[in-house]
Amino acid sequence: MLRYLTAGESHGKQLTTIIEGIPARMPLLQEDIDHSLLRRQKGHGRGRRMKIEKDLADITSGVRHGYTLGSPISLVIKNDDFKHWTDVMGEDPVEDPENIRRQLTRPRPGHADLNGALKYGHRDMRNVLERSSARETAARVAAGAVAKTLLRHLGIEVVGYVKEIAGIQAKEVTDLTIQQKQDQTEESPVRVLDKEVEQQMMDRIDEAKKDGDSIGGICEVYVEGMPAGVGSYVHYDRKLDSKLSGAVMSINAFKGVEIGIGFEAAKRNGSEVHDEIAWSEERGYYRKTNNLGGFEGGMTSGMPLVIKGVMKPIPTLYKPLKSVDIETKEEFNAGIERSDSCAVPAASVVMEHVVAFELAKAITEQFPSDQFPQLKKALDDYREEIRCF
């Protein structure tokens, strides 16, 4: 089974990712992972932390001479900022725990601080925020980059981009190939396909930063090449759209997911929602529209997958909200940690890689996957089988 674990704190020594279940004999280079990590660091509205870190992955196991071994793959991303935090985040015991610098006793609204402290009994909530920080998404992008490499070698392409920031909506762009979408989002400071709103979004981000505030938005992930029938209808926990929704919601600050037209379906008649089925010798079965975003009955339909994720504004504000000190129970302005005014462009990269991992997991569960050539042949044979069904 394909799975991964991450470890590490925001200002600790490093982030670590361990991936299990990648087939043996799959081509994998460090540059495949580093490219994704560097993309995550970009985006208008990013904070000072991204100027400190140069996220690069060190492959420490599971790969030899450019090919996977079938054994667990471990990836390490160093935190360059740790050198400024060694006395705060070091693992060695301290003589006077009460005088550790940068202790946090004032929980910040919208963060995991208070709930985590209550759950684990931490009086210093830095023990919570260091792990709950979105810095951990770098480790998740590294895992997703390996999954994206697997998908790419199977003819499946994934791209993420921004649909909306602070109510400024990008127009639907339907005449671009997936390669053109990938290229255009890389050129855009806010990872948007609609050039007409790009500057408006950047101005709105600058305005929020000037006001000491933060703003959110909507990301979209688009996938081509997934064959029909991946996932299953037979049990609730095998439905692939459900798994994807859960994975997207697990990203820091994400509060909603849509597949296809999503909530818009509630406003339409059934005849305006469901996608009519057609067949051609070249394509096999396909849908005349794609309102359901490439899913029916918890399974892929063979149409492009379209998944949207809603990101709330980052809760770290430079004009902080009120909170209560857990030691004195007095009301204070919440503490301030270094943060972004808008992380939606970076979040679209995170979402892209989270989706990619779930898709790779579904593929490797459904087809023989001990060896990559075996997996590729099985998937190619299946594609031909369903085309001629």
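Higher on the page you've got the structure.
Keep in mind it's a predicted model, so treat the numbers as computed, not measured.

Rules and cut-offs
Residues numbered from 1 in each chain as written. Predicted model: local features only at pLDDT ≥ 70, side-chain atom pairs only at ≥ 80, totals over all residues. Heavy atoms only, no water. Pairing = 2+ DSSP bridges. Helix = DSSP H or I, 4+ residues; strand = E, 2+ residues; numbered from the N terminus. Axes fitted to C-alpha atoms, helices over the stretch in contact; angles between N-to-C directions. Contact = heavy atoms within 4.5 Å. Patch = residues over 30% accessible without salt bridge, like charges linked within 9 Å, V, L, I, M, F, W, Y side chains within 5 Å. Areas by Shrake-Rupley, 256 points an atom, 1.4 Å probe, with all protein chains shown as cover. Salt bridge = Lys/Arg side-chain N within 4 Å of Asp/Glu carboxyl O. Parallel < 35°, antiparallel > 145°, perpendicular 65-115°, else oblique. Left-handed = near helix turned anticlockwise from the far one by under 90°. Nonpolar A, V, L, I, M, F, W, Y, C, P; charged D, E, K, R; others polar.

## Overview of the sheet that holds strand 2 (residues 14-20)
In a beta sheet, neighbouring strands pair by backbone hydrogen bonds and run either parallel or antiparallel.
Piece 1. Strand order in the open sheet made by the 4 strands is 1-2-6-3, with antiparallel pairing throughout. One side of each edge strand has no neighbouring strand; the edge strands of this open sheet are strand 1 (3-7) and strand 3 (57-61). Going across the sheet, the axis of each strand differs from the next one's by a mean of 20°, ignoring polarity.
Piece 2. Against the sheet, helix 1 (residues 30-41) makes contact with strand 3 and strand 6 (73-78), and its axis sits at roughly 140° relative to strand 3, the strand it touches most.
Piece 3. The strands that helix 6 (residues 137-153) touches are strand 1, strand 2 and strand 6; relative to strand 2, the one it contacts most, it runs at about 35°.

## Let's talk about a nonpolar patch on the surface
Piece 1. A grouping of Ile 277, Trp 279, Tyr 285 and Phe 389 is seen on the molecular surface, where their side chains present a nonpolar patch of about 530 Å² in accessible area.
Piece 2. With respect to the helices and strands, the residue Ile 277 is situated in strand 11 (residues 277-280).

## Examining the packing of helix 6 against helix 10 (residues 344-366)
Piece 1. In the contact formed by helix 6 and helix 10, the axes pass within 7 Å of each other and the chain directions differ by 50°. The orientation of helix 6 with respect to helix 10, classified from their angle, is oblique. Relative to helix 10, the crossing made by helix 6 is left-handed. Taking contact as the criterion, the partners of Thr 137, Arg 140, Val 141, Ala 143, Gly 144, Ala 145, Ala 147, Lys 148, Leu 150 and Leu 151 in helix 6 are, on helix 10, Val 350, Glu 352, His 353, Val 354, Ala 356, Phe 357, Leu 359, Ala 360 and Thr 364.
Piece 2. Of the residues belonging to the contact of helix 6 with helix 10, the class tally is 12 nonpolar, 4 polar and 3 charged.

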